[in-house]
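So the chains spell out like this:
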Amino acid sequence: MNAPHPIPYQGSKRKIAKHILAYFPPDIDVLIEPFAGSAAITIAAALAGKASHFHINDLNAPLMALWDAIIHSPLDLSQKYAHLWQEQQRNPRQYYDSVRNEFNRTHKPEHLLYLLARCVKASVRYNPKGEFNQSPDNRRLGRHPTRMSEDIRAVSGLLRGRVTITAQDYKKTLDWVGQKTLVYMDPPYQGVSGNSDHRYYQRIDFDEFMQFLAHLTSQEIPFILSYDGRTGTKTYGRELPLELQMRRIEVKAGPSTQATLLGRKAITYEALYLSKALVERLGAEIDTIVERQSRPSSRQLALFEV
Ligand SMILES: C[S@@+](CC[C@H](N)C(=O)[O-])C[C@H]1O[C@@H](n2cnc3c(N)ncnc32)[C@H](O)[C@@H]1O
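One numbering rule holds for all chains: residues counted from 1, following each sequence as written. Two thresholds apply to this predicted model, a pLDDT of at least 70 for residue-level local features and 80 or more for giving and counting side-chain atom pairs, whereas whole-chain, interface and lining totals are computed over all residues.

Engineer: Describe in detail the nonpolar core, supporting the description with residues and values.
Structural biologist: Residues enter a nonpolar core if they are buried, belong to Ala, Val, Leu, Ile, Met, Phe, Trp, Tyr or Cys, and are joined to the set through C-beta atoms within 7 Å. Buried means a residue has 20 or more other C-beta atoms within 10 Å of its own C-beta, exposed means 12 or fewer, and partly exposed covers the counts in between; C-beta atoms are placed from the backbone. Membership of the largest hydrophobic core comes to 68 residues, with the highest contact counts inside it found for Trp-67, Phe-223 and Ile-224. Only runs of H or I of at least four residues qualify as helices and only runs of E of at least two qualify as strands under DSSP, and these elements are numbered from the N terminus. Considering every element that reaches this core, the biggest residue donor is helix H3 (residues 61–72), with seven residues. Sequence-distant contacts of Phe-223, defined by excluding residues within four places in its chain, comprise Leu-182, Val-183, Met-185, Leu-216, Ser-275 and Leu-278. For every residue pair, C-beta atoms are placed from the backbone, and the pair is scored as a contact if these atoms sit within 7 Å.

As structure tokens, then:
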């Protein structure tokens, strides 16, 4: 069954969700996503019955207000999105700019949904003043309201009544941590691109994050971390300290879009780090999962999905 995904979001883990879910222990009650974005792993986990309560968090407050509207006011949000989508038809380019101005003034959820559906690469970009400044993708008008409302309704049905939504720094999201908690983390990309990059929410302090991981490790909290990866032989992302005793696993994410655009063939692999506590919980099962995922049948499926 395809997972619904109302929020188009650059960097979404939707396509590799099933590979990540494979490492969930069977007895998880609460799943926490401190860097939720489009919450692809939470949605996939809810659909697969992998946990009974979910905590989604992201520093981007308007994004979490959008999540609140998706889950708690699906009909109202769908109607507002449909209205914007219809109204844009006369002059889509100009209309996008007017919605963007309005969003920067009011931070209304329906405006953010419209902007994400229409902007270049579904990529959230803010200027130093905190204003959304991504341009529209003029080749498309954004997802049709009928399909959008189907996905909104489906996600609301999956999560309503069993989700906690917060908009704070990731370090404050551990209130729910108990014996049967799993934390899935997909922090902003840790590449070395310069600071002129105006993607407002795209950086966290490396050392602070390592301290956070060390804390989770010392508390024996099971977590899965998406961090670095490689395309062909080119790796990206910084190396993580060995003393955290995490196990690194590679997941085949599919052909690299960048390489394909340049007429080259290269496969991207994304790394998953399993915490020491999780490795101990899963025991020898981990090797079986790794082996199962590398079989030709699952490889073909991954390619097909891309
Ligand atoms: C790579 S994206 C997560 C994508 C997500 N896994 C998905 O499937 O859509 C990283 C997210 O971290 C958020 N973020 C950045 N700094 C943060 C912080 N200090 N605390 C919490 N979230 C943060 C960003 O707003 C962004 O949505």
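Engineer: Any chance you could break down the packing of helix H4 (residues 74–87) against helix H7 (residues 145–159) for me, citing the residues and the numbers?
Structural biologist: The geometry of a pair of packed helices is captured by two quantities: the angle between their axes and the separation between those axes. Between N-to-C directions, angles span 0 to 180 degrees; the directions come from axes that are lines fitted to C-alpha atoms, helices contributing only their stretch in contact. One way to put it is that H4 packs onto H7 with a least axis distance of 9 Å and a crossing angle of 160°. Compared by their axis directions, H4 and H7 come out roughly antiparallel. H7 is crossed by H4, and the crossing has right-handed handedness. Facing Pro-74, Leu-77, Ser-78, Tyr-81, Ala-82 and Trp-85 of H4, the residues of H7 in contact are Pro-145, Met-148, Ser-149, Ile-152, Arg-153 and Ser-156. For classification purposes, angles smaller than 35 degrees are called roughly parallel, those larger than 145 roughly antiparallel, those between 65 and 115 roughly perpendicular, and all remaining angles oblique. What makes a crossing left-handed is the near helix being turned counterclockwise from the far one by less than a right angle; a clockwise turn instead makes it right-handed.

Engineer: An account of the pairing of strand E2 (residues 53–57) is requested, with residue identities and associated values reported.
Structural biologist: Burial runs high along E2: four of the five residues are buried. With strands facing away from the observer, any crossover in which the path from the first strand over the helix to the second runs clockwise is taken as right-handed. Once the chain exits strand E1 (residues 30–33) it traverses helix H2 (residues 40–47) before rejoining the sheet at E2, and the crossover so formed is right-handed. Note on pairing: DSSP must find at least two bridges between two strands before they are called paired. The sheet contact formed by E2 and strand E3 (residues 163–166) spans four bridges and is parallel. By the bridge assignment, Ile-56 is partnered in E3 with Ile-165.

Engineer: So, the environment of Ala-82: which residues are in play, and what are the values?
Structural biologist: With respect to the secondary-structure elements, Ala-82 resides in helix H4. Spatially, the C-alpha atoms of Ala-82 and Ser-149 are 8.4 Å apart, while their sequence positions differ by 67 residues.

Engineer: I'd like a description of unusual backbone geometry, backed by residues and values.
Structural biologist: Glycine aside, negative phi is the norm for most residues, and most peptide bonds take the trans geometry. Despite not being glycine, His-107 shows a phi value in the positive range, around 60°. Here His-107 is to be found in the loop between helix H5 (92–106) and helix H6 (109–118). For His-107, a count of 15 C-beta atoms within 10 Å corresponds to the partly exposed category. Positive phi values are uncommon outside glycine, yet Gln-245 reaches one of about 55°. Inspection of the secondary structure puts Gln-245 in the loop between strand E6 (234–236) and strand E7 (247–255). You can call Gln-245 exposed: it has 12 C-beta atoms within 10 Å.

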